Amino acid sequence: MTPLRQRMIEDLQVRHLSPHTQRAYLESVARFARHFGRSPADLGPDEIRTYQVYLVRERRLAPSSIEIAVCALRFLYRVTLKKPWSFEDLIPAPKKPRRLPVVLSPDEVVQFLASVKAPKHHAILTTCYAAGLRLSEAIHLRPTDIDSHRMVIRIEQGKGFKDRYVMLSPTLLTVLRDWWRLSRPTRWLFPGEAPDRPIGRDTVRHACQQARRRSRLAKPITPHALRHAFAVHLLEAGTDVRTIQLLLGHRSLETTARYLRIATTTVCATTSPLDLLPRPSGSLSQPEPDHA
């Protein structure tokens, strides 16, 4: 390991960035160095610009992938190498398309969950929807996190290393109790093949895709789509945005407010001008065929 890599690892750890972020940043910087065959300490603004053009034109990476590389290089040169540059100008972040998630209706959620066969997978995917959890949060639940006396679920060290509580649905409590009686989990509520480790993310994603195919639903469905459905369905039921922000664990209210653009209570609150047009009495006649 080079001294520069060791120093960057220490800088990442001191700032308590997540292990996932640390791995992504280190791999991005390693690719940058391999591209030029030189240490990043010997590279400068010209090479950084050339590399960004390469990512866009030749690699044709998605904006989200380029953004990871941008953040990694900014961290390296700003924090570890302490370069006095104007990073927003020198290493610009790509403009990402603003996409809205495809949201399942309540009936589609019922249809999907009914198609999840394995009890463990059914319990964990139901939890993702009922409590609006990220997959990483759901797989790391412990039996002691389920507080049936206060009817809450404790999320310990979720995204951003923040604890929070979410509601424990009585229906979900029944599902979890059935799962507990069946498997008697100890350390993890949803253990993997090795009891001392939680179930893997890929295992849950695969089970999700199998259930989607069995359900014959056309919409794309992932565990995170169930979290989106949780937020939108709460909005449509009249829950205020601030409460949903706290339940989801969003740092910014703006992140939560995007669901306002999806909820039918917002989108369908105004009548289409088509429905305001005067209509003749009786049914609409079929248009005459064009013989010209």
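Residues numbered from 1 in each chain as written. Predicted model: local features only at pLDDT ≥ 70, side-chain atom pairs only at ≥ 80, totals over all residues. Heavy atoms only, no water.

Visitor: Mind showing me how you'd approach the pairing of strand β3 (residues 162–167) here?
Guide: Looking along a regular strand, one sees side chains alternate from face to face of the sheet. Strand direction decides the pairing type here: strand β2 (residues 152–158) and β3, joined by five bridges, are antiparallel. From the neighbouring strand, G158 faces β3, where its bridge partner is K162. (Pairing = 2+ DSSP bridges. Helix = DSSP H or I, 4+ residues; strand = E, 2+ residues; numbered from the N terminus.)

Visitor: Whenever I open this one, the sheet that holds β3 confuses me. Can you help?
Guide: One open sheet holds the three strands; their spatial order is β1-β2-β3, and the pairing between them is antiparallel. Lying at the two open borders of the sheet, with one neighbouring strand each, are β1 (146–147) and β3.

Visitor: Whenever I open this one, the pairing of β2 confuses me. Can you help?
Guide: Bridge count for β1 against β2 is two bridges, and the pairing is antiparallel. Bridge pairing in β2 links D147 to V152. The antiparallel hairpin formed by β1 and β2 contains four residues in its connecting segment, where M151 sits at a positive phi of about 60 degrees. Linking β2 back to β3 in an antiparallel pair, the connection comprises three residues, with G160 at a positive phi of about 80 degrees.

Visitor: How should I be thinking about the pattern of salt bridges in this particular structure?
Guide: Between side chains of opposite charge, a pair can form as their charged atoms come close. One pass over the structure, following the stated rule, counts 12 salt bridges. Between R31 and E27 there is a salt bridge, with the nearest N and O atoms lying 3.6 Å from each other. Here the residue R31 and the residue E27 both occupy positions in helix α2 (residues 19–36), the gap between them amounting to four residues, near one helical turn. Given a relative accessible area of 38%, R31 falls into the partly exposed group. A salt bridge links D163 to R154; the shortest N-O distance between them is 3.0 Å. For D163, a relative accessible area of 39% corresponds to the partly exposed category. By relative accessible area, which is 27% here, R154 ends up partly exposed. (Salt bridge = Lys/Arg side-chain N within 4 Å of Asp/Glu carboxyl O. Buried < 20%, exposed > 50% of the residue type's maximum accessible area, 1.4 Å probe, protein only.)

Visitor: For this particular structure, what's the right way to read the packing of helix α6 (residues 106–113) against helix α7 (residues 119–131)?
Guide: Working note: a packed helix pair is described by the angle between its axes plus the distance between those axes. Between α6 and α7, the shortest axis-to-axis distance is 11 Å and the interhelical angle comes to 165 degrees. The orientation of α6 relative to α7 falls into the category roughly antiparallel. The two elements α6 and α7 cross, and the hand of that crossing is right-handed. Facing V109, F112 and L113 of α6, the residues of α7 in contact are H122, L125, T126 and Y129. Across the contact of α6 with α7, the residue classes break down as five nonpolar, two polar and no charged. (Axes fitted to C-alpha atoms, helices over the stretch in contact; angles between N-to-C directions. Parallel < 35°, antiparallel > 145°, perpendicular 65-115°, else oblique. Left-handed = near helix turned anticlockwise from the far one by under 90°. Contact = heavy atoms within 4.5 Å. Nonpolar A, V, L, I, M, F, W, Y, C, P; charged D, E, K, R; others polar.)

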